[in-house]
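# Analysis of the macromolecular model
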Amino acid sequence: MGMKAVLGDITQEGVDAIVNAANESLLGGGGVDGAIHRAAGPELLAECRKLGGCPTGGAKATRGHRLGADWILHTVGPVWHDGSRQEDALLASCYRNCLKLAVGKGARSVAFPAISTGAYGFPAERAARIAHREVSEFLRTHPALEVRFVCFDRATFELYQRLLK
Ligand code: AR6
């Protein structure tokens, strides 16, 4: 199915699995994490409490609860420092782990936000290149999967549009 970029709110995407850019506690926060918890309802936090957190670069699944999606894949992106603290490799690991988890859950479509590029300060273009590279690589062995990059602002959307050309 391949990849596409869309502009909008990830909680409104009609996909099997939505990726959340969470923190290591998995107990909610601001940004896309806050929006997902608000849309999914309090049952999501109750389920997250049982997960025991998640290391940076990892991913854990919950049900979608009141969201349209069946699954929420919670991943923890790296906090950007200066690029010397494995930020690139950890971000790549987030994308790969979410894609593996999505396939493991039987999801046929998955939506990603621009992980780490908000509160965590990862440079947007550098992050988009990593996201695009990791998803392209994964789709070579899983060509039936549909991946959407959900961009919350026009600048991010245009970045992805260029990479996808
Ligand atoms: N739909 C799609 N993208 C969104 C939405 C939305 N509803 N809301 C924000 N974005 P951020 P991070 C974009 O800060 O940098 C949280 O407090 C946003 O414009 O949500 O990984 C967590 O609990 C940006 O492009 O995540 C962590 O503590 C992208 O999503 C921390 O923030 C990521 O921004 C994680 O920081």
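Here we summarise the structure given alongside this text. (Residues numbered from 1 in each chain as written. Predicted model: local features only at pLDDT ≥ 70, side-chain atom pairs only at ≥ 80, totals over all residues. Heavy atoms only, no water.)

### Brief notes about the nonpolar core
Ranked by size, the top nonpolar core spans 35 residues in total, and within it Leu73, Tyr95, Val110, Phe112 and Val147 carry the most contacts. Those elements that place two or more of their residues in this core are β2 (17-22), β3 (59-63), β4 (71-76), α3 (87-104), β5 (109-112), α4 (124-141), β6 (146-151) and α5 (154-164). In this structure, Tyr95 is in contact with Phe112, Pro113, Ala114, Ile115, Ala131, Glu134, Val135, Phe149 and Tyr160, ignoring residues within four places of it in sequence. With 13 residues, the next largest nonpolar core counts Ile36, Ala40, Leu44 and Ile72 among its residues. (Core = buried A, V, L, I, M, F, W, Y, C linked by side-chain atoms within 4.5 Å. Buried < 20%, exposed > 50% of the residue type's maximum accessible area, 1.4 Å probe, protein only. Helix = DSSP H or I, 4+ residues; strand = E, 2+ residues; numbered from the N terminus. Contact = heavy atoms within 4.5 Å.)

### With respect to the pattern of salt bridges
Counting across every chain of the model gives 8 salt bridges. Between Glu134 and Arg96 there is a salt bridge, with its nearest N and O atoms 3.0 Å apart. Residue Glu134 is found in helix α4, and its partner Arg96 is found in helix α3; the two are separated by 38 residues along the sequence. Residue class for Arg96 comes out partly exposed when judged on its relative accessible area of 34%. Between Glu137 and Arg140 there is a salt bridge, with its nearest N and O atoms 2.9 Å apart. Of the two residues, Glu137 and Arg140 both sit in helix α4, 3 residues apart, roughly one turn of that helix. Within this structure, Glu13, Glu146 and Arg148 form a network of salt bridges that share partners. (Salt bridge = Lys/Arg side-chain N within 4 Å of Asp/Glu carboxyl O.)

### Focus on the site of the ligand
Among the 20 residues in the neighbourhood of the ligand, the closest are listed as Asn23, Gly30, Asp33, Gly118 and Ala119. In this structure, a nitrogen atom belonging to the ligand sits 2.9 Å away from a main-chain N or O atom of Ile10. Within the backbone of Val32, one N or O atom sits 2.8 Å away from an oxygen atom of the ligand. Starting from 700 Å² of accessible surface for the ligand in isolation, the protein chains cover 89%. A molecule is said to occupy a pocket when more than half its atoms come within 2 Å of that pocket's grid points, and by this definition the ligand occupies the largest pocket. Of all the elements in the fold, those that place two or more residues in the shell around the ligand are β2 and α1 (31-40). A total of 4 residues in the shell around the ligand trace back to one element, the largest contributor, which is α1. (Near = heavy atom within 4 Å. Polar contact = N/O pair within 3.5 Å; in protein donor to acceptor, adjacent residues only side chain to side chain. Areas by Shrake-Rupley, 256 points an atom, 1.4 Å probe, with all protein chains shown as cover. 1 Å grid on protein atoms, 1.4 Å probe; cavity = no way out; pocket = protein on both sides within 12 Å on 5 of 7 lines; lining within 4 Å. Sits in = over half its atoms within 2 Å of the grid points.)

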